[in-house]
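Reading the structure
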Amino acid sequence: MKPIETVDKCTTCSTCVAYCPVTKATRAFKGPKLTGPSSERFRLYDETGGGEISEIEALDYCSNCKNCDIACPSGVKISTLNMLARAEYCKRHKPPLRDWVLSHGRMLGRLARRFPGWLVNVGSTNALTRLILDKFGVDARAPMPVFVPRSFTEWMGDHNAMLTASDRSRLTKKAVFFPGCYVNDYDPQTGKDLVFMLEKAGYEVIVPEFECCGLPMVANGFFDDARAAASRNVDTLAALVSSGDVPILTVCPSCQLMLKQEYAEYFPELGKHESIVPHVQDACEFLIGLIESGELDIDVREDATKLVYHAPCHLRAQGIGKPGLDLLRMASANVEDARSGCCGISGSYGFKKEKYDVAASVGSDLFKAVKDSAAEYCVTECGTCRLQISHHTKLPSMHPISWLRKLVK
């Protein structure tokens with residue numbers, strides 16, 4: 001996608017500004033219209049090639065939540081314009097080390113496994129370590145995910161090794177699962193629960209050697225690193241689905257958004273990405289299809305636990321509805337839709353010292369709705385959304401698929 005192809009669709013109606021949660025939360029951000037289409041015209045036609053208007057307009061405060069894209073009546077890819085502009089800016093102004101650390105989770109996960117789990121997690125509980133991280137630029141108040149000593153991919157390898165010949169004989173179909181960094185390093189239970197449901201429906205689950213989807217790198221300005229990760233993922237996934245109608249399932253909306261849509265927008269030179277797009281599907285949406293077709297027969301127990309559901313921004317940006325909510329309602333779960341917008345964390349955004357208060361302000365309506373719901377659990381597809389909501393409401397949270405697994409007898 002060439003930026004000019006979408007820039008010229010902008011009619012400067014300001015709808016995006018009205019729907020931007022960051023513009024509402026802080027005056028440091030001038031809004032998606034000004035930083036996106038309006039400034040892109042200057043960036044495209046600036047004969048000096050300076051492009052320093054990005055710095056003046058505090059482009060860095062765009063959280064890449066996609067609400068501007070969702071709201072735009074003309075189909076302008078405003079967030080993409082912002083991310084491409086940030087990438088160009090970061091080529092001239094190197095991002096801080098903190099941003100590199102926050103955006104390279106897959107690499108850090110591999111490194112962390114060289115050390116004892118307690119040592120890796122000391123940063124989330126030790127006051128002195130949190131103070132040091134605060135000086136490093138990671139806010140001392142920010143919620144820190146707990147690193148698991150045994151990754152999902154390690155568990156999956158052991159799980160496959162334990163399957164008997166009888167088990168394998170009934171797994172007659174194949175599904176590729178792209179777990180993403182959060183499930184792999186912090187929330188393997190969601191991956192385990194999906195594997196249980198898929199194997200129950202007769203699917204052999206293939207978990208490839210994967211890289212980060214690249215979205216955290218894009219959002220923090222490390223565009224070349226994101227391109228390299230995307231290229232490896234595309235090559236791996238394209239080979240796995242080349243033999244037929246094999247689904248590529250994700251449990252993280254941001255991973256799905258990258259694989260399905262944003263690789264084409266950010267890295268059009270990766271031609272193979274077109275071959276994987278038709279296969280990429282939300283795991284909740286896929287399970288709904290299995291239940292409706294009779295492939296997955298679930299016998300669920302009655303449970304009156306009150307749940308509140310939050311639809312992540314990157315899920316809404318895909319226009320596929322709310323499959324996690326629909327899946328739970330199919331299982332007769334007692335679930336209420338929060339309907340209260342962005343949680344504010346936007347991946348690594350809310351961890352940053354200068355953004356923590358902005359993120360908290362962005363999510364304030366959602367936090368109030370969650371508290372007012374009188375729910376006992378929050379359910380949402382996004383890992384960092386769960387982290388942020390639990391941090392600000394003290395309510396435990398989990399993925400819809402994990403709650404479904406709790407209900408299956």
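None of these values were measured; they are calculated from a predicted model.

On to the overall build of the chain. From N to C terminus, the chain includes 27 helices and eight strands. Taken against the 2.2 N^0.38 rule, which gives 22 Å for 409 residues, the C-alpha radius of gyration of the chain at 21 Å falls within 12% of a compact globule. If one aligns the C-alpha atoms of the chain with their principal axes, the spans along those axes are about 70 × 45 × 45 Å. Summarising the internal contacts of the chain: among those between residues at least 6 apart in sequence, 77% fall at separations of at least 24. Per element, the accessible surface of the chain, about 17,600 Å² overall, is 55% carbon and sulfur. Taking the average location of the 49 positive side-chain charges in the chain and that of its 49 negative ones, the two points are 4 Å from each other.

Time to look at the sheet that holds strand β8 (residues 397–398). Pairing is parallel across the open sheet formed by four strands, whose spatial order is β6-β5-β7-β8. Either end of the sheet is taken by a strand with one partner, and the two such strands are β6 (334–337) and β8.

On to the domain arrangement of the chain. By a widely used convention, the size of an interface equals the accessible area lost when the partners come together. Domain parsing of the chain yields domain 1 (7–92), domain 2 (97–136), domain 3 (152–291) and domain 4 (298–407). Between domain 3 and domain 4, the C-alpha centre-to-centre distance is 22 Å. Each side of the interface is counted separately: domain 3 has 26 residues, and domain 4 has 26 residues. Note on domain 3 versus domain 4: buried area summed over both sides is about 2,200 Å², and carbon and sulfur give 69% of it. When residues of domain 3 are sorted by the area they lose upon contact with domain 4, Y182, P253 and C284 head the list and together hold 25% of the total. On inspection of domain 3 and its partner domain 4, the count reaches one salt bridge. Taking the shortest distance from any N to any O, the salt bridge between R386 and D187 comes out at 2.7 Å. The interface formed by domain 3 and domain 4 holds 10 residue pairs in polar contact (both at pLDDT 80 or more) in total.

Moving on to the layout of surface pockets. The rolling of a water-molecule-sized probe over the atoms marks out the regions of remaining empty space. In this structure, the second largest pocket encloses a volume near 380 Å³. In this structure, the second largest pocket is lined by 18 residues; those nearest its centre are Y19, C20, P21, K24 and G341. Those elements that place two or more of their residues in the lining of the second largest pocket are α2 (15–19), α3 (21–25), α6 (67–71), α24 (356–362) and α25 (364–372). Residue-level mapping places the lining of the second largest pocket at the junction of two domains, with at least three residues from each of domain 1 (7–92) and domain 4 (298–407).

The subject of this paragraph is the state of the cysteines. Think of a disulfide as a covalent bridge from one cysteine sulfur atom to another cysteine sulfur atom. All told, the structure shown has zero disulfides when counted by the stated rule. As a non-bridged cysteine, C16 has C68 as the owner of its nearest cysteine sulfur, 6.3 Å distant. On the basis of relative accessible area, C16 is assigned to the buried category, the value being 6%. With no disulfide of its own, C382 lies 3.6 Å from the sulfur of C385, the closest cysteine sulfur.

Let's shift gears to the pairing of strand β2 (residues 203–206). The side-chain alternation of β2 yields one buried face, formed by Y203 and V205, and one unburied face, formed by E204 and I206. With four bridges connecting them, strand β1 (residues 173–178) and β2 associate as parallel partners. Across the sheet, K174 pairs through a bridge with E204, a residue of β2.

Taken as a whole and assessed by the stated rule, the structure comprises 31 salt bridges. The partner of R98 in a salt bridge is E354, with the nearest N and O atoms 2.9 Å apart. Here E354 lies in the loop between β6 and α24 and R98 lies in helix α8 (residues 97–103), a separation of 256 residues in the sequence. Here R98 falls in the buried class, since its relative accessible area comes to 8%. Its relative accessible area of 33% is what places E354 among the partly exposed residues. Shared partners join several salt bridges into a network, and the residues in it are D60, R98, D99, K352, E354 and K355.

Definitions and limits used
Residues numbered from 1 in each chain as written. Predicted model: local features only at pLDDT ≥ 70, side-chain atom pairs only at ≥ 80, totals over all residues. Heavy atoms only, no water. Helix = DSSP H or I, 4+ residues; strand = E, 2+ residues; numbered from the N terminus. Rg over C-alpha atoms; globule rule 2.2 N^0.38 Å. Contact = heavy atoms within 4.5 Å. Areas by Shrake-Rupley, 256 points an atom, 1.4 Å probe, with all protein chains shown as cover. Lys, Arg positive; Asp, Glu negative; His and termini not counted. Charge placed at Lys NZ, Arg CZ, Asp CG, Glu CD. Pairing = 2+ DSSP bridges. Domains from an automatic or database assignment. Buried area = accessible area lost by both parts, 1.4 Å probe. Salt bridge = Lys/Arg side-chain N within 4 Å of Asp/Glu carboxyl O. Polar contact = N/O pair within 3.5 Å; in protein donor to acceptor, adjacent residues only side chain to side chain. 1 Å grid on protein atoms, 1.4 Å probe; cavity = no way out; pocket = protein on both sides within 12 Å on 5 of 7 lines; lining within 4 Å. Points joined across faces, edges and corners; volume = space filled by probe spheres on them. Disulfide = S-S within 2.5 Å. Buried < 20%, exposed > 50% of the residue type's maximum accessible area, 1.4 Å probe, protein only.

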